Amino acid sequence: METTKIAIVGLGTVGTGVAQLLLEHAEHTNRYAGRAIILEKVVVRDCNKARDIKLPDGVLTDRLEDVTKDPEIRCVVQLIGGVEPARSIMLQLLESGKDVVTANKALLAEHGDELFDRARELGRSIAFDAAVAGGIPIVTNVGQCLSANRIESIHGILNGTCNFIISQMEEHEASYAQAVEEAQQRGYAEADPTMDVNGSDAAQKLALLAHLAFGSRVHWSEIPCEGIESLRPIDLQYAKELGYRLKLLAVARLEDGELELHVGVQLVRRDSPMAGVGGAYNAIRLIGDAVGRVWFQGMGAGRMPTASAVVADLIDMIVGRTAITFQTLQLWSEKPARVLPRPSFRTATRYYFRFMVKDHPGVLAEITGALSKEGISIASFIQHERHESKDDKVPLVIMTHHTTVGAADRAIEKINRLQMVHEPAMRMRILD
Ligand code: NAP
Ligand code: HSE
């Protein structure tokens, strides 16, 4: 049987899973690759650090040049997180003639243009299915399998950590801090979970998907984005009472030919498929003009699900499929953008508002008056009696009919300035 030598750079959560699959599933992966895949080197920072895996002698090294200077190593799996030194290492690998598989969405969302252009100049390829939605093969599906379609919308749960945290708070009454800690222990969260919980990780993944699906050129940092940090148990309770669940959604949606992009917590109906996606699972609902509605669901984070996507990319690369797709589709070189971003103030949506107000005469009239001035129509409303509360603070929850983000911004700004309003309003969109 022919052999192909490969290397891994970075032996953390995902790198360990990839090594494990290559060593333990060798018979299976070799059959798909049509040759024996030899794990020649694994590059780490510290060879003496305790690892979850026993590698064959001579494989572990802290010298990148053991890979860059070995002409027999054709493909490298790069699993260092963050932007630097991941970017410089990726360039060194490409320049030394390697094709590279990565799961690093932060790197691609920040420097995708540079890295893809450089790879093409050098006749090399980059594969990155694991960078979006972990084990779900969404990049291949959007980039290849659904290529006959004009995509109309993508709604995704794209961050496993946030979905896990919300589920733990909702189903097990865990505190936010407990849930974050458990997500870290399970290997779902990034080394620094800030990017998970503030929505940036989902925005980076959305930027990559929107680039593939719509030819958008919006940088991830320009996507309106709110994470789960301001989420309160009281909002989970109200959502339940209203027949909804809360999900951090990443949305890319064409409206009047413009592309609306945003990330934020939304209310989704309890009986919808999206609401049933719990734990570290990810889900993507995509609508294409030819295929209609398509659903994807699977583990969006964690060692083995992510390794599954990385190894599939590696096999595609070894077989030669990636090179054909990467060089012919030229997806990343679309300049200028095929669609323009829709200014968020024009975006139409329904809203959940929660106000913490003084339980005094006229408060409701002031709030509904501010909404009415912006043409915002109320669909339902909850205010419970203050049986046990010692102060005069009461939550007031309003669900609206469709309005625009701009109208909601203006109304909320006025309401937040009212004297009888105790704290800034909580607001979340409602998924249609
Ligand atoms: P991780 O557990 O933090 O592992 C990163 C590894 O990179 C560590 O082993 C680290 O070395 C190594 N490293 C850092 N700098 C290095 C350098 N200069 N040279 C060699 N090795 C270096 O991260 P991870 O969770 O595996 O994630 C890796 C990538 O996959 C990230 O981009 C992440 O966003 C992405 N991803 C992760 C998941 C997931 O569920 N975890 C899912 C999808 C995508 P030490 O061991 O010495 O610290
Ligand atoms: N930290 C990421 C998440 C890993 O929780 O979804 C997968 O990209």
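Quantities reported herein were computed from a predicted structural model and do not represent experimental measurements.

Peer 1: I'd love a proper account of helix α6 (residues 138-145), names of residues and values included.
Peer 2: Each turn of an α-helix holds 3.6 residues, which means side chains three or four residues apart point in the same direction. Every buried residue belonging to α6 is among I138, V139, N141, V142 and G143, and all of these are buried. Elements in contact with the buried residues of α6: α10 (200-214), β10 (281-288), β11 (292-299) and α13 (321-329).

Peer 1: Mind laying out the site of ligand 2, listing which residues take part and the relevant values?
Peer 2: The full set close to ligand 2 counts 13 residues, and K105, G160, T161, D196 and K205 are the nearest of them. A distance of 2.7 Å is found between an oxygen atom of ligand 2 and a side-chain nitrogen or oxygen belonging to K105. Side-chain polar atom of T161 to an oxygen atom of ligand 2: 2.6 Å apart, as the coordinates give it. Within the residue set of the shell around ligand 2, elements represented by two or more residues are α7 (160-171) and α10. When grouped by side-chain class, the residues that make up the shell around ligand 2 number four nonpolar, four polar and five charged.

Peer 1: Would you mind going over the domain arrangement of the protein in detail, with residue names and values included?
Peer 2: Interfaces are often described in size by the accessible area the parts lose on coming together. We note that the domain assignment places domain 1 (3-134 + 305-329), domain 2 (146-299) and domain 3 (345-431) within the protein. Spacing between the C-alpha centres of domain 2 and domain 3 amounts to 24 Å. Across the interface of domain 2 and domain 3, roughly 1,800 Å² is buried in total on both sides, 59% from carbon and sulfur atoms. Inspection of the region where domain 2 meets domain 3 yields three salt bridges. Residue E258 pairs with R346 through a salt bridge whose shortest N-O separation is 2.7 Å. Where domain 2 touches domain 3, the interface holds 10 residue pairs in polar contact (both at pLDDT 80 or more). Sorting elements by how many residues they give to the side of domain 2 that touches domain 3 places strand β9 (residues 258-269) first, with seven residues. Residues that form the side of domain 2 that touches domain 3 fall into these classes: 10 nonpolar, four polar and eight charged.

Peer 1: Quick one: what's the story with the pattern of salt bridges, residue by residue and with numbers?
Peer 2: Opposite charge on two side chains lets them pair, provided their charged atoms get close. By the definition in use, this model includes 35 salt bridges. Residue E190 pairs with K105 through a salt bridge whose shortest N-O separation is 2.9 Å. In this pair, E190 sits in the loop between α8 (176-185) and α9 (194-197) while K105 sits in helix α5 (residues 105-121), placing the two residues 85 residues apart along the sequence. On the accessibility criterion, E190 (28% relative accessible area) is partly exposed. Assessed through its relative accessible area of 10%, K105 is described here as buried.

Peer 1: Account for the sheet that holds strand β1 (residues 3-9), naming residues and giving values.
Peer 2: Where strands meet in a sheet, backbone hydrogen bonds hold them as pairs that are either parallel or antiparallel. The strand order across the open sheet formed by six strands is β3-β2-β1-β4-β5-β6, and the pairing between neighbours is parallel. The open sheet is flanked by β3 (60-61) and β6 (126-127), the only strands paired with a single partner.

Peer 1: For the packing of α7 against α8, give the residues involved together with the corresponding values.
Peer 2: Where α7 contacts α8, the axes come no closer than 9 Å and their chain directions differ by 135 degrees. With respect to each other, α7 and α8 are oriented oblique. For the pair α7 and α8, the sense of crossing is right-handed. Each of T161, F164, I165, Q168 and M169 in α7 lies in contact with α8, whose residues at this interface are Y176, A179, V180, E182 and A183. Looking at side-chain class alone, the contact of α7 with α8 contains seven nonpolar, two polar and one charged residues.

Peer 1: Let's hear about the site of ligand 1: which residues, and what values?
Peer 2: Looking at ligand 1, there are 24 residues lining it, with R45, K49, R51, E190 and G302 nearest. Separating an oxygen atom of ligand 1 from a backbone N or O atom of V14 is a distance of 2.9 Å. The contact in question runs from an oxygen atom of ligand 1 to an N or O atom on the backbone of G302, over 2.6 Å. The protein chains hide 86% of the 890 Å² of surface that ligand 1 would expose on its own. Looking at the shell around ligand 1, its residues break down into 11 nonpolar, eight polar and five charged.

Peer 1: I'd like a rundown of the environment of L23, residues and numbers included.
Peer 2: Residue position: L23 is located in helix α1 (residues 13-24). Sequence-wise, L23 and D52 are 29 residues apart; in three dimensions their C-alpha atoms are separated by 13 Å. Setting aside its immediate chain neighbours within four residues, L23 contacts L39, I53, K54, L55 and P56.

Peer 1: Would you mind going over unusual backbone geometry in detail, with residue names and values included?
Peer 2: The omega angle of the peptide bond from E84 to P85 is 10 degrees, so this bond is cis rather than trans. Looking at where P85 falls in the secondary structure, it is placed in the loop between β4 (73-78) and α4 (86-95). Even without being a glycine, A133 presents a positive backbone phi close to 65 degrees. Take A133: its relative accessible area is 0%, and that puts it in the buried class. Here the phi dihedral of D256 falls at roughly 50 degrees; this positive angle occurs in a residue that is not glycine. By the secondary structure assignment, D256 is in the loop between β8 (244-255) and β9.

Analysis parameters
- Here, residues in each chain are numbered from 1, in the same order as that chain's written sequence.
- Throughout, the order in which chains and ligands are written sets their labels, letters from A for the former and numbers from 1 for the latter.
- Local features are withheld for residues below a pLDDT of 70 in this predicted model, meaning they are given only at 70 or higher, and side-chain atom pairs are given and counted only at 80 or more; totals for whole chains, interfaces and linings count all residues.
- For side-chain calculations, the full set of non-hydrogen atoms in the structure is used, while hydrogens and water are omitted.
- Residue exposure (1.4 Å probe, protein chains only): buried if accessible area is under 20% of the type maximum, exposed if over 50%, otherwise partly exposed.
- A run of H or I in DSSP becomes a helix once it reaches four residues, and a run of E becomes a strand once it reaches two; helices and strands are each numbered from the N terminus.
- Throughout, a contact is declared for two residues whenever any of their heavy atoms are within 4.5 Å.
- Note on definitions. A residue lies near a molecule or strand when any single heavy atom of the residue is within 4 Å of it.
- Side-chain atoms alone can form a polar contact between residues adjacent in sequence; in general such a contact is a pair of N or O atoms within 3.5 Å, and within protein one must be able to donate a hydrogen while the other accepts it.
- We call Asp, Glu, Lys and Arg charged. Ala, Val, Leu, Ile, Met, Phe, Trp, Tyr, Cys and Pro are nonpolar, and the rest, Gly among them, are polar.
- Domain limits in this description derive from either an automatic procedure or a database domain assignment.
- What gets called buried area is simply the loss in accessible area from a 1.4 Å probe that two parts show on being joined, summed for both.
- A side-chain nitrogen of Lys or Arg and a carboxyl oxygen of Asp or Glu constitute a salt bridge if their distance falls within 4 Å.
- Paired strands are those between which DSSP finds at least two bridges.
- For helices, the fitted line uses only the C-alpha atoms of the stretch in contact; every axis is such a line through C-alpha atoms, and the angle between N-to-C directions lies from 0 to 180 degrees.
- What sets the label is the angle itself: under 35 degrees gives roughly parallel, over 145 gives roughly antiparallel, 65 to 115 gives roughly perpendicular, and the rest give oblique.
- Left-handed describes a crossing whose near helix is turned anticlockwise from the far helix by less than a right angle; the clockwise case is right-handed.
- In this description, accessible areas are obtained by the Shrake-Rupley approach with a 1.4 Å probe, and a residue is regarded as covered only by the protein chains that are shown.

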